[in-house]
Amino acid sequence: MLLYIILVLFYMFCMVLESIFGKKINRVVWTFILILPLFILSAFRAPTVGNDTFNYYKSYMTVSQETFFSSSQSRLEIGYIFYMRLIALFGFSYFGFQVITSAFTLVSVSKFIYKYSSSIAFSFFIFMTSRMFFGSMNTSRQYLAMAILLFSVEFIRNRKFYKFSMLVLLATSIHFTAIVFFIVYPLSKFKLNARRTFLLIGIGIIGSILFDQIIRIFVSVTGRYAGYLEGGYFNFEGNVAIYLSLIINLLYFLVAFFTKYWRYGEPEEFSKEIDSSNKSLASNLSNEKLWYVFCLLTLILSIMGLNATILNRIESYFSIFFLAFIPSVIKYIKAKEIRAIITLGIIVGLYASLLVVMILRPYWTGVFPYAWYWNWK
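For the structure given in this document, a descriptive report is provided here.

The rules behind these values
- Residues numbered from 1 in each chain as written.
- Predicted model: local features only at pLDDT ≥ 70, side-chain atom pairs only at ≥ 80, totals over all residues.
- Heavy atoms only, no water.
- Helix = DSSP H or I, 4+ residues; strand = E, 2+ residues; numbered from the N terminus.
- Buried < 20%, exposed > 50% of the residue type's maximum accessible area, 1.4 Å probe, protein only.
- Contact = heavy atoms within 4.5 Å.
- Areas by Shrake-Rupley, 256 points an atom, 1.4 Å probe, with all protein chains shown as cover.
- Polar contact = N/O pair within 3.5 Å; in protein donor to acceptor, adjacent residues only side chain to side chain.
- Phe/Tyr/Trp six-rings, centres within 6.5 Å; stacked < 30°, edge-to-face > 60°.
- Lys NZ or Arg CZ within 6 Å of the ring centre and 35° of its normal.
- 1 Å grid on protein atoms, 1.4 Å probe; cavity = no way out; pocket = protein on both sides within 12 Å on 5 of 7 lines; lining within 4 Å.
- Points joined across faces, edges and corners; volume = space filled by probe spheres on them.
- Nonpolar A, V, L, I, M, F, W, Y, C, P; charged D, E, K, R; others polar.
- Core = buried A, V, L, I, M, F, W, Y, C linked by side-chain atoms within 4.5 Å.

1. Things to note about the overall build of the chain
Of the regular secondary structure elements, the chain holds 20 helices and zero strands. Buried residues in the chain amount to 51% of all 377 residues. Here the analysis covers contacts within the chain between residues at least 6 apart in sequence; of these, 78% occur between residues at least 24 apart. Carbon and sulfur atoms form 67% of the exposed surface of the chain, whose accessible area is close to 18200 Å².

Shown next, in the form of structure tokens:
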């Protein structure tokens, strides 16, 4: 636990350095320095770190013994099975598999932050304190799918549906729930405003009320996750994590809405407000609308999640884009005093929530206590 706290404090220190030196910092080197400790912790962890890690260990040990094109004893998605077999084909043990998976996931995250975040250190702080990093060590198969989806941003922005679809289908072959990401493409084409925003939220509320019927239709049509109906994943029993997630996502949404962040996706509406010499601001306009779409989807799923704990996992496909969204929405707050207050509130709030989870709810992710791979067994 102390190891994680030290790492969080390290990112806070890096945020101060970044605010002081600003553009003088080499973004490539800086990103590498900030991702390195996370990679070490993820790649060299014991299979006991993370609630689901040992199950992945057992699956790999089983699948790695099968021939490449044979039927599998595993019930995991076919893409993930072939991914395991491909790595096993080169003679890697589970440890090698874990190192490769951690490397791909964290390289994807760091590349996304490097390319789209206005504050690299702040984004890594969010990745750590919002427990996304813990999630990557727990539900690593889903985070592998999410890492693939992070590469889809350019295809969404440039309206390349075919390439976008290929990435979503690839991610779906790793974790079936990634198919929900298809909703992003049509939503990103909408001209969002206040009325349409609340209309979408209203649809989310209705979806929450009719959730039981919707999920049973989904299970009936797809034939998947029927066992989850009896397993408690589609039930809600006062889970504190669901309330906490909803409150946090609502606060992010309110900051974005009341600063009219949603309008920055329409450059023609702000052409008079933008300094023509500020090329970096102009080039980022198309990203802002996309981040707002992800924020909106995250809030809607949080509302629907009041009826099912599993939607907290589905929400992760969209909330991971907060790594770019949160620094961006803060950047657009014009009043310096308000910007400072909101920034401080986010930092303190995320840090406090992390401490509460580590102390009172360590079983949520199972990453405490940490153990190195070589000390296992």
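2. Some words on the side chain of D52
Take D52: it is sitting in the loop between helix 2 (27-43) and helix 3 (53-63). Of the polar contacts made by the side chain of D52, one reaches the side chain of R313; its length is 3.5 Å. Those residues within four positions of D52 in sequence are excluded, and the remaining contacts are N138, T139 and R313.

3. Quick word on the packing of aromatic side chains
Any aromatic ring pair is given by two values, namely how distant the centres are and how the planes are angled relative to each other. For the structure shown, the criterion picks out 51 aromatic pairs. Arranged with centres 5.3 Å apart and planes meeting at 5 degrees, the rings of W372 and W374 form a pair that is stacked. Classification of W374 by relative accessible area gives exposed; the value is 55%. Its end group placed over the ring of F82, R85 keeps NZ or CZ at 5.7 Å from the ring centre. Lying across the ring of Y80, R141 places its NZ or CZ 5.9 Å from the centre.

4. What to know about empty space enclosed by the protein
For the coordinates displayed, the defined rule picks out two cavities of 30 Å³ or more. Estimated volume of the largest cavity: approximately 110 Å³. Of all the secondary structure elements, the ones that give two or more residues to the lining of the largest cavity are helix 5 (94-116) and helix 8 (140-149). Examining the composition of the lining of the largest cavity, we find that seven residues originate from one element, helix 5, more than from any other. Partitioning the lining of the largest cavity into residue classes produces six nonpolar, seven polar and one charged. Roughly 40 Å³ of internal volume is contained in the second largest cavity. Lining the second largest cavity, in full, are I242, S245, L301, S302, G305, L311, N312 and E315. Looking at which element gives the most residues to the lining of the second largest cavity, the answer is helix 18 (residues 311-319), with three residues.

5. Quick look at the nonpolar core
Across soluble globular proteins, you tend to see nonpolar side chains buried next to one another. Counting 109 residues, the largest nonpolar core has Y4, L38, F181, W291 and F325 as its most contacted members. It is helix 17 (residues 285-304) that contributes the most residues to this core, 13 residues altogether. Those residues in contact with F181 that lie beyond four places of it in its chain are L149, S152, I156, F164, V168, F294, Y317, F318 and F321.

6. What about the environment of Y80?
Secondary-structure assignment places Y80 in helix 4 (residues 78-89). With a relative accessible area of 1%, Y80 lands in the buried category. Along the chain, Y80 and I174 lie 94 residues apart, while their C-alpha atoms are 4.6 Å from each other. Look past the residues within four positions of Y80 in its chain and what remains in contact with it is Y56, F97, R141, L144, S173 and I174.

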